[in-house]
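# An overview of the molecular structure
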Amino acid sequence: IKKIAVLTSGGDSPGMNAAIRSVVRTCAYHNINCVGIYRGYQGMIEGDFKEMDARSVKGIINKGGTILKSARSNEFRTVEGRKKAYEKLKEANVDALVAVGGDGTFTGAMIFSSEYDFPVMGIPGTIDNDIFGTSHTLGYDTALNTVVDVIDKIRDTASSHNRLFFIEVMGRDVGHIALNAGVGAGAEEILIPEEDLGLERLLESLRRSKRSGKSSSIVVVAEGDKIGKNVFELKDYVDENLAEYEVRVSVLGHMQRGGSPSCFDRVLASRMGVKAVESLLEGKSNYMVGLLNDKMALTPLDQAIKGQSKINLELLRVSDIMTT
Ligand code: F6P
């Protein structure tokens, strides 16, 4: 392997820049050429490449987003699209690819690698933490800190007005952000897709909370929650059924994807970049680099996408006890 390409794809996450920096500098350390691909797989199809050396990634470890930009490419889902991408890589003498992203990114990498016998390595970058073979995906820790910070602020106004807030957080189909940020911010209730609390129990819990003398309440709702109502419908439902509450809704949205990465994410990204490049140099392919028991571990890409849920439901009990 003489030249490695790196791209970021799918929803961006804080720490992606730190991962790019790590891949580029690990290549430089091993005297391997490195090329950045802009706009994920779409840029690969269009040959939107840029040679990168150690200095070209200066000053980015603390930056949110991704300097290489990100995209979700429909063309790469087609045989013709992937053929074009392969030709562009060959033209540029690229021998291997590091793809930073989530499950869509890994699926694309796997298909591409099997069609062209092309070495690929995945780095998990998504705030959702919905990838297996790693306790943390890049950006998840930063997103948690962002969400906790915002909930703290909403708590200030909630308690000044004796209000109940439904706060919707991201996470796609999983409740990692909701559950951990909910416990971290002392939410009264946490609604996640993995455990359906049910509307009646929610009302009962809110009544209990009021009886116990609490003036304000925060309910954190994962966007993928399966209680059957979105946050605005939940507000209407509580308005109708619990006259004692004045309810407001806050949907946090894309601010959860932005901001300077936490120290944890910067260190994780640095470790993952080193491991990804060095694994490719050892002749490995089709793996994702992850963090397991504080060690770098490789998991086959297909397992990284399809593994069992790793959510820690014990936290729901901790939350219940904390809100007594
Ligand atoms: O996967 C990251 C994520 O932010 C999810 O939490 C969310 O459901 C989705 O991406 C939003 O996607 P988009 O940025 O395309 O609206």
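By convention here, each chain's residues receive numbers from 1 onward along its written sequence. The predicted origin of the model limits local features to residues at a pLDDT of at least 70 and limits the giving and counting of side-chain atom pairs to 80 or more, whereas totals for whole chains, interfaces and linings rest on all residues.

### Details of the nonpolar core
In globular proteins that are soluble, nonpolar side chains generally tend to be buried together. The line we're drawing: Only buried Ala, Val, Leu, Ile, Met, Phe, Trp, Tyr and Cys residues enter a nonpolar core, and they are joined through C-beta atoms within 7 Å. Exposure in this text rests on C-beta crowding, where 20 or more other C-beta atoms within 10 Å of a residue's own make it buried, 12 or fewer make it exposed, and counts in between make it partly exposed. The C-beta atoms are placed from the backbone. Labels follow the DSSP assignment, with helices taken as runs of H or I lasting at least four residues and strands as runs of E lasting at least two, numbered in each case from the N terminus. Any two residues are considered in contact once their C-beta atoms, placed from the backbone, lie within 7 Å.
Judged by nonpolar contacts, the single largest core of 53 residues is most densely connected at Ile-4, Ala-5, Val-6, Ala-19, Val-23, Val-98 and Ala-276. With 7 residues, the single largest contributor to this core is helix 1 (residues 16-29). When sequence neighbours within four positions are dropped, the list of residues in contact with Val-6 reads Ile-20, Val-23, Val-24, Cys-34, Gly-36, Ile-37 and Val-98. Counting 35 residues, the second largest nonpolar core, distinct from the first, contains Ile-167, Ile-190, Ile-192 and Ala-222.

### Let's talk about the environment of Leu-242
Note on placement: Leu-242 falls in the loop between helix 8 (231-241) and strand 9 (246-251). Each C-alpha atom of the pair Leu-242 and Ser-212 lies 15 Å from the other, and the pair is 30 residues apart in sequence. Discounting residues that sit within four places of it in the chain, Leu-242 has contacts with Leu-203, Leu-206 and Arg-207.

### Quick look at unusual backbone geometry
Phi is positive for Asp-117, close to 50°, though the residue is something other than glycine. If you trace the backbone, Asp-117 turns up in the loop between helix 4 (103-116) and strand 5 (120-124). The exposed category is assigned to Asp-117, around which 7 C-beta atoms lie within 10 Å. A positive phi angle is found at Asn-162, which is not glycine, with a value near 50°. Among the secondary structure elements, Asn-162 is positioned in the loop between helix 5 (140-160) and strand 6 (163-169).

### Some points on the UniProt feature "binding site: Mg(2+)" (unreviewed entry) in the chain
Heads up, the condition is: UniProt positions are given in the numbering used here, feature names are shortened, and annotations may be inferred rather than shown by experiment.
Here the UniProt feature "binding site: Mg(2+)" (unreviewed entry) sits at Asp-103. Inspection of the secondary structure assignment puts Asp-103 in helix 4. Leaving out residues up to four positions away in the same chain, Asp-103 has contacts with Ile-131 and Ile-305.

### Some words on the pairing of strand 4 (residues 96-101)
Rules: We treat two strands as partners when DSSP finds at least two bridges between them. Looking down the strands as they point away from the viewer, one classifies a crossover as right-handed if the path from the first strand across the helix to the second runs clockwise.
The element strand 4 is extensively covered by neighbouring structure, given that 6 of its 6 residues are classed as buried. Side chains Ala-96, Val-98 and Val-100 of strand 4 all project onto a buried face; the interleaved residues Leu-97, Ala-99 and Gly-101 project onto the opposite face, where all are buried too. Bridging between strand 1 (residues 3-8) and strand 4 involves 5 bridges; their strand directions are parallel. Bridging across to strand 4, Leu-7 finds its partner in Ala-99. Of the strand pairs in this sheet, strand 4 and strand 5 are connected by 5 bridges, and their pairing is parallel. Residue pairing in the sheet places Val-100 in a bridge with Ile-123 of strand 5. Remark: the strand 4/helix 4/strand 5 crossover connection has right-handed handedness.

### Looking at the site of the ligand
Rules: Near, for a residue, is defined by distance from a backbone-placed C-beta atom to a molecule or strand, with 6 Å as the limit that must not be exceeded. Each residue is assigned to one of three groups, with Ala, Val, Leu, Ile, Met, Phe, Trp, Tyr, Cys and Pro labelled nonpolar, Asp, Glu, Lys and Arg labelled charged, and all others, Gly among them, labelled polar.
Contacts to the ligand come from Gly-11, Gly-102, Thr-126, Ile-127, Asp-128, Met-170, Gly-171, Arg-172, Glu-223 and Arg-257. For the shell around the ligand, the residue count by class is 2 nonpolar, 4 polar and 4 charged.

### Observations concerning the packing of helix 5 against helix 6 (residues 176-184)
For the record, the criterion: Orientation is described by lines fitted to C-alpha atoms, with helices fitted over the stretch in contact, and by angles between N-to-C directions that extend from 0 to 180 degrees. Our angle categories are set so that under 35 degrees counts as roughly parallel, over 145 as roughly antiparallel, 65 to 115 as roughly perpendicular, and the remainder as oblique. Here a crossing is taken to be left-handed if its near helix is turned anticlockwise relative to the far helix by less than a right angle, and right-handed if that turn runs clockwise.
Packing of helix 5 against helix 6 brings their axes to within 9 Å, and their N-to-C directions diverge by 50°. Taken together, helix 5 and helix 6 sit at an angle that is classed as oblique. When you trace helix 5 past helix 6, the crossing you get is right-handed. For the pair helix 5 and helix 6, contact is made by Tyr-140, Ala-143, Leu-144, Val-147, Val-148 and Ile-151 and by His-176, Ile-177, Asn-180, Ala-181 and Gly-184, respectively. Taken together, the residues that form the contact of helix 5 with helix 6 break down as 8 nonpolar, 3 polar and no charged.

### Digging into the sheet that holds strand 6
Read from one edge to the other, the open sheet built from 4 strands follows the order 7-8-6-9, with strand pairing classed as parallel. Each having just a single partner strand, strand 7 (189-191) and strand 9 make up the two edges of the open sheet. Neighbour-to-neighbour, the strand axes of the sheet open up by a mean angle of 20°, direction not taken into account. Judged from the 6 bridges that link them, strand 6 and strand 8 (residues 217-222) form a sheet pairing that is parallel. Bridge pairing in strand 8 links Phe-166 to Val-219. Along the sheet, helix 5 makes contact with strand 6, strand 8 and strand 9, crossing strand 6 at roughly 160°.

### Considerations on the confidence of the model for the chain
Our working rule: Per residue, pLDDT measures the predictor's confidence, with a range of 0 to 100.
Scored by pLDDT, the chain comes out at a mean of 97, with 100% of its residues at no less than 70. When pLDDT is averaged over each element of the chain, helix 9 (residues 263-281) comes out on top at 99 and helix 7 (residues 199-211) at the bottom at 92. As scored by the predictor, the complex reaches a pTM of 0.97 and an ipTM of 0.98.

### Thoughts on the sheet that holds strand 4
Taken in spatial order, the 7 strands line up as 3-2-1-4-5-10-11 in an open sheet, and their pairing is mixed. Each edge of the open sheet carries a strand with a single partner, namely strand 3 (49-52) and strand 11 (295-300). Neighbour-to-neighbour, the strand axes of the sheet open up by a mean angle of 30°, direction not taken into account. Along the sheet, helix 1 contacts strand 1, strand 2 (33-37), strand 3, strand 4 and strand 5; its crossing angle with strand 1, the most-contacted strand, is approximately 180°.

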